[in-house]
Amino acid sequence: MSATPIAAQPPVWRRLIGFNMLTGLVLGIGGWFLGAWIGGQMAVGHPYLQGTDQNDVGIYMGYLFGVIGFLVGLGFANYPIGRLLGRPPTLRQHETGSWTRYFRLCTDHKVVGIQYLFGVGIFFFIGGLNAMLMRTELLRPVEQAWPASQYLTLVSLHGTMMIMMTSAFILGPFGNYFVPIMIGARRMAFPRIEALTFWLVPAAGLILLSAIAFGGIATGWTGYAPLADEGRAGMDAYVMSFILIAISLTLVGLNLMATILTMRAPGMSWTRLPIFVWSVLATSILQALAAPVLVAAMAMVLMDRAANTSFFLASAGGSQYLYENLFWFFGHPEVYILALPGFGIVLELLPVFARKPLWGYRLAVAGMLGVTLLSFMVWQHHLFVSGMNAGLRPFYMLTTELISIPTGFIFLIAIGTLWRARIRFTVPMLFALAFFFNFLIGGLSGVFLSDVPSDVTTHGSYFVMAHFHYTIVGGLVFAFFGAVYYWLPKMLGFELNETLGKIHFWLFFVFFNLTFFPLFAAGFLDMPRRVSTYAPSLQTLNIFVSASAYVIGLSMLIFIANLVWSLVFVRQPAAENPWASRGLEWQVPTPVPVSNFDRVPVITSGPYEYGVPNAPPVADFAPGALPAAGS
Amino acid sequence: MTTIAGERIPRHGSRIIAIWLVLTAISVPLIVLVLGPHLPPPNMTVESADQRNANIVMTALLVPIALLVLVYFIYSFVFFRETSDAIVDGPPIKGHAGAQLLWIVVTSAIVLALAVWGSYTLIAGAHGAGGGQGPDPAAKPPGYQHALPVQVIGQQWDWTFRYPTYGGIETRDLAIPDHTLVAFHVTSIDVTHSFWAYELGVKADAVPGVDNIAYVNPRHTGFFQIRCAELCGLWHGHMAKKGRVLAAPAFQAWIAAAQKQNASIVKYLPKYSRVYYPLPLRRAG
């Protein structure tokens with residue numbers, strides 16, 4: 001099905017007026033001032049608000065009304081208001097037509113996927129820039145480049161921005177774009193909610209960045225409570241942006257879960273579901289269950305700061321353990337929200353480039369579901385030396401170490417799939433294979449942290465920092481770039497330059513390891529996290545790490561150059577199935593039609609039947625009569 | 001070489017295991033004998049020596065696991081790669097029940113052994129005593145009832161120390177006696193800090209309203225490094241100072257001098273308590 005022809009378009013300036021991102025930003029800024037004024041009125045008569053150097057109620061109300069204005073400007077109120085006025089339940093959709101649909105409320109899951117890719121990508125690069133600035137400070141063991149407060153703000157912005165954006169890194173672009181196509185559906189279960197989940201992300205990102213104007217954030221991404229109570233108005237930005245992201249994560253989880261559970265095409269049985277979709281399902285469960293806890297924790301911080309409550313203040317009967325437990329009850333599933341989609345992507349790519357069926361499909365699914373279950377039972381390992389009930393430590397040591405069993409399955413699946421394979425080292429495959437190298441180091445270093453006696457040294461040190469960068473950057477971000485090189489030809493319709501892709505890969509892979517492996521040693525040698533002052537004896541090591549980190553930054557610039565070169569200048573149209581993949585998403589035309597499939601396909605075979613003699617095609621795209629049941 | 005359906009297939013599995021065994025046989029003695037003595041923490045106390053032993057055991061166990069996976073991957077890159085430009089399908093092997101079962105059994109056995117060993121050393125030995133255990137410790141070294149109590153107070157941005165058995169005096173320097181069991185009572189009067197004495201093998205969060213206890217048994221005298229391991233605001237990185245383990249007579253002399261120095265001000269100090277509840281700072285910057 002081709003796009004419906006568009007009637008004569010009005011001129012560009014005319015199209016700027018209406019419900020779009022520009023209107024959203026204007027109404028958002030207007031809403032901020034309205035909310036701040038209302039908050040100012042509310043503060044009258046409450047000396048604890050007027051006595052401090054800023055009125056937190058005004059700031060929260062400003063952000064709240066700003067977000068509402070942003071969403072109304074984008075047109076999110078049109079549908080409910082229309083329904084209240086008795087209009088029929090249709091939505092003016094911007095699914096076809098010009099590039100402007102990427103800057104509007106659009107309910108086409110493919111547009112939302114591309115919005116996510118670029119929206120999240122921009123914030124990812126801002127977070128990466130923060131890391132470069134931090135490494136500049138650490139070139140010398142005393143404060144030099146930035147004042148201590150700005151350094152802490154950089155640390156906090158980098159951590160918070162990266163956690164927020166990498167949470168949406170895979171499910172946002174690739175989950176939204178490809179899950180409906182991979183299961184043979186024509187849309188997501190809740191398209192308007194899908195659009196909302198995206199537009200909350202730039203709102204949260206901009207609010208987080210506004211912390212720079214409000215005195216910064218001094219707490220790191222964890223925002224531990226008594227320190228958060230002290231913080232200046234930048235903390236309010238942190239709280240508000242985390243609430244928005246958590247709402248977005250919850251809705252993404254519910255939406256994808258509903259889509260996968262209810263909208264699979266006929267014949268798409270659970271054992272034919274692509275492994276990437278399984279990983280998205282597992283991640284959705286985590287997001288829907290864990291992210292609301294973060295909203296609760298943040299709401300309590302908000303109350304402590306704005307309404308003078310004392311949830312976390314020991315002197316008034318509260319306890320900071322409440323915050324630590326709520327935060328890590330979200331925070332530990334969160335790291336698997338980051339890890340699981342990466343598992344899914346690398347296992348999706350391996351069969352395509354090894355030209356073999358996925359080895360041990362059921363074990364891979366069991367591994368992902370096992371990680372999902374166990375990830376809710378390990379969070380107190382973040383509190384091993386906090387003074388938690390000491391008798392509970394062996395239990396959390398056990399659960400933490402148990403989680404390496406299902407994680408190990410992922411390695412076994414890779415080992416089995418590569419056995420006597422016909423490996424092709426394409427750029428996506430290189431990233432997928434690097435994932436296993438990095439995640440191996442990341443995972444095994446986690447065993448040190450899970451063991452309480454060893455954790456006494458490594459806890460809160462650069463060892464932890466190296467560990468989670470190996471799992472998140474080495475795991476998730478490598479998987480993300482694998483997915484970018486693999487799926488972008490389908491999403492955008494153009495080939496990426498392979499040579500530049502390989503330069504990007506090798507620079508990123510080599511210098512990622514040169515950056516983070518020495519940091520294990522820094523942790524072992526008594527260097528705590530989040531300091532801008534450290535032992536002079538560690539300066540050489542830190543200079544080496546900073547220099548390597550700059551090369552990672554350079555590799556990212558090469559990626560951007562590749563993107564601009566391939567998409568703007570060369571514009572070589574991609575083949576419909578350049579990897580000769582059996583995935584259902586590669587059997588549809590490029591660009592993907594608005595409704596994906598003319599007719600809902602009937603799935604006739606699993607997606608990984610490489611080399612299977614007489615394997616049927618993956619689906620029947622023009623089902624006249626239903627084929628025989630079975631297989 | 002075995003021959004399957006006329007095709008000669010090398011014994012990949014045996015080769016991989018052989019390479020791995022050689023590498024393991026080389027690396028494990030190196031880890032235990034050469035790297036091991038350099039693994040953290042330095043063994044200034046019984047606790048830190050035990051933590052170093054834990055690190056040696058885990059490194060010696062984990063490196064062979066990493067080697068097995070790496071040897072397999074590199075081997076597969078060399079021998080299982082497609083050399084032509086053509087897209088050729090490999091053999092359609094979908095799984096192997098025996099291999100899967102073996103993997104599950106072996107990984108489960110390793111993990112359970114690690115957890116049992118970790119729990120045993122944590123509770124029965126002194127390994128875990130250096131980590132903060134809260135007001136009601138589970139891992140108690142022998143003679144803990146007679147341990148010398150030293151209170152560690154975290155505050156923005158310094159550490160101070162009180163000696164309740166010596167009149168509750170407060171000092172800015174930390175000294176503890178050699179060959180004496182010491183109980184650190186770590187607490188905070190503002191935000192969360194973490195008391196990290198690297199060479200002692202001690203890390204305990206300083207939490208307002210909580211008495212977080214860590215035991216330590218020094219084995220020889222010398223200096224040790226104190227840092228803060230939990231972000232506590234602007235000058236978090238500056239909460240570093242040197243502490244000292246002194247021989248018993250030197251410690252008595254030091255504490256007597258400190259008592260003398262404190263004599264005129266000790267009456268202004270708040271009464272010694274396991275926790276303190278000063279008014280909170282809200283939005284102070």
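Model, not experiment: these values are computed from the prediction. (Residues numbered from 1 in each chain as written. Chains lettered and ligands numbered in written order. Predicted model: local features only at pLDDT ≥ 70, side-chain atom pairs only at ≥ 80, totals over all residues. Heavy atoms only, no water.)

1. As for the domain arrangement of chain B
All names here are of chain B. Here chain B is described as being made up of domain 1 (12-80 + 99-125) and domain 2 (144-268). A C-alpha centroid distance of 36 Å is found between domain 1 and domain 2. Listed as interface residues are 11 residues of domain 1 and, on the opposing side, 15 residues of domain 2. Counting each side, the surface lost to burial between domain 1 and domain 2 is near 1000 Å², with a carbon and sulfur contribution of 60%. When the buried surface of domain 1 facing domain 2 is broken down by residue, Met44, Thr45 and Glu47 rank first, second and third, together holding 56% of it. (Domains from an automatic or database assignment. Contact = heavy atoms within 4.5 Å. Buried area = accessible area lost by both parts, 1.4 Å probe.)

2. Remarks on the domain arrangement of chain A
Residues and elements named next belong to chain A. Here chain A is described as being made up of domain 1 (15-88) and domain 2 (110-620). Relative to domain 2, the C-alpha centre of domain 1 lies at a distance of 31 Å. Taken together, the contact between domain 1 and domain 2 spans 19 residues of the former and 22 residues of the latter. Counting the surface lost from both domain 1 and domain 2, the interface buries some 1800 Å², and carbon and sulfur atoms represent 72% of this. A per-residue breakdown of the area domain 1 buries against domain 2 is headed by Tyr60, Tyr63 and Phe76, which together make up 36% of the total. Put simply, domain 1 and domain 2 have one salt bridge between them. A salt bridge links Asp56 to Arg305; the shortest N-O distance between them is 3.1 Å. Where domain 1 meets domain 2, there are three residue pairs in polar contact (both at pLDDT 80 or more). Of the residues belonging to the side of domain 1 that touches domain 2, the class tally is 16 nonpolar, one polar and two charged. (Salt bridge = Lys/Arg side-chain N within 4 Å of Asp/Glu carboxyl O. Polar contact = N/O pair within 3.5 Å; in protein donor to acceptor, adjacent residues only side chain to side chain. Nonpolar A, V, L, I, M, F, W, Y, C, P; charged D, E, K, R; others polar.)

3. Structural notes on the interface of chain B and chain A
Each partner contributes residues to the interface: chain B has 99 residues there, and chain A has 102 residues. For the pair chain B and chain A, the interface holds five salt bridges. Among the salt bridges present, the one from Glu82 of chain B reaches Arg422 of chain A, with a minimum N-O distance of 2.8 Å. Here chain B and chain A share 25 residue pairs in polar contact (both at pLDDT 80 or more) between them. Taken together, the elements giving at least two residues each to the side of chain B that touches chain A come down to α1 (12-35), α2 (46-79), α3 (97-123), β9 (202-206) and β11 (222-228) of chain B. (Helix = DSSP H or I, 4+ residues; strand = E, 2+ residues; numbered from the N terminus.)

4. Some thoughts on the packing of helix α17 (residues 427-450) of chain A against helix α20 (residues 498-524) of chain A
Residues and elements named next belong to chain A. In the contact formed by α17 and α20, the axes pass within 10 Å of each other and the chain directions differ by 5°. Judged by the inter-axis angle, α17 sits roughly parallel to α20. Along its contact with α17, which presents Val427, Leu430, Phe431, Ala434, Phe437, Asn438, Ile441 and Ser445, the element α20 presents Glu498, Gly501, Lys502, His504, Phe505, Trp506, Phe508, Phe509, Phe512, Asn513, Phe517 and Phe520. Across the contact of α17 with α20, the residue classes break down as 13 nonpolar, five polar and two charged. (Axes fitted to C-alpha atoms, helices over the stretch in contact; angles between N-to-C directions. Parallel < 35°, antiparallel > 145°, perpendicular 65-115°, else oblique.)

5. Quick look at the pairing of strand β7 (residues 182-188) of chain B
Residues and elements named next belong to chain B. The element β7 is extensively covered by neighbouring structure, given that seven of its seven residues are classed as buried. Side chains Val182, Phe184, Val186 and Ser188 project from β7 onto one buried face, and the interleaved Ala183, His185 and Thr187 project onto a second face that is buried too. Summarising the sheet, strand β3 (residues 148-155) and β7 pair through seven bridges and their orientation is parallel. Pairing of Val150 across the sheet is with Phe184, part of β7. Note that β7 and strand β10 (residues 212-216) share five bridges and pair antiparallel. By the bridge assignment, Ala183 is partnered in β10 with Tyr215. (Buried < 20%, exposed > 50% of the residue type's maximum accessible area, 1.4 Å probe, protein only. Pairing = 2+ DSSP bridges.)

6. Description of the layout of surface pockets
Residues and elements named next belong to chain A. There is about 880 Å³ of room inside the second largest pocket. Lining the second largest pocket are 38 residues, and of these Gly128, Ala131, His158, Met162 and His469 lie nearest its centre. Among the secondary structure elements, those contributing two or more residues to the lining of the second largest pocket are α6 (109-137), α7 (148-167), α19 (462-492), α20 and α21 (539-570). With eight residues, the top contributor of residues to the lining of the second largest pocket is α6. Residue composition of the lining of the second largest pocket, by class: 27 nonpolar, eight polar and three charged. (1 Å grid on protein atoms, 1.4 Å probe; cavity = no way out; pocket = protein on both sides within 12 Å on 5 of 7 lines; lining within 4 Å. Points joined across faces, edges and corners; volume = space filled by probe spheres on them.)

7. A look at the sheet that holds strand β12 (residues 241-246) of chain B
All names here are of chain B. Ordered by their spatial adjacency, five strands build an open sheet running β6-β12-β11-β8-β9, and the pairing between neighbours is mixed. The open sheet terminates on both sides in strands that have one partner only, identified here as β6 (175-177) and β9. Across the sheet, the mean angle separating the axes of adjacent strands is 25° when strand polarity is ignored. Sheet analysis places β6 next to β12, joined by three bridges and oriented parallel. Residue pairing for β12: Ile176 is matched across the bridge by Val245. Along the sheet face, helix α4 (residues 248-262) touches β6 and β12 and points at about 125° away from the line of β12.

8. Details of the confidence of the model for chain A
Considering every residue of chain A, the mean pLDDT works out to 91; 95% of them sit at 70 or more. Contacts for the low-pLDDT stretch residues 1-5 of chain A, under 50 throughout, to residues beyond four places or in other chains number five contacts. (pLDDT = per-residue confidence, 0-100.)

9. Some remarks on the sheet that holds strand β4 (residues 158-163) of chain B
Across a sheet, strands are paired by hydrogen bonds formed along the backbone, either parallel or antiparallel in direction. All names here are of chain B. Spatially, five strands are ordered β5-β4-β3-β7-β10 in an open sheet, and the strand pairing comes out mixed. Two strands close off the open sheet at either side, each with one partner strand: β5 (169-171) and β10. Going across the sheet, the axis of each strand differs from the next one's by a mean of 25°, ignoring polarity. Against the sheet, α4 engages β3, β4 and β5, with an angle of about 105° to β5.

10. Here we look at the pattern of salt bridges
Counted by the stated rule, this structure contains 12 salt bridges over all chains. In this structure, the salt-bridge partner of Asp158 of chain B is Lys241 of chain B, at a minimum N-O distance of 3.0 Å. In this pair, Asp158 of chain B sits in strand β4 while Lys241 of chain B sits in strand β12, placing the two residues 83 residues apart along the sequence. Of the two residues, Asp158 of chain B and Lys241 of chain B, neither departs from the other in class, the shared state being buried. Here the salt bridges do not stand alone but share partners, grouping Asp56, Asp236 and Arg305 of chain A into one network.

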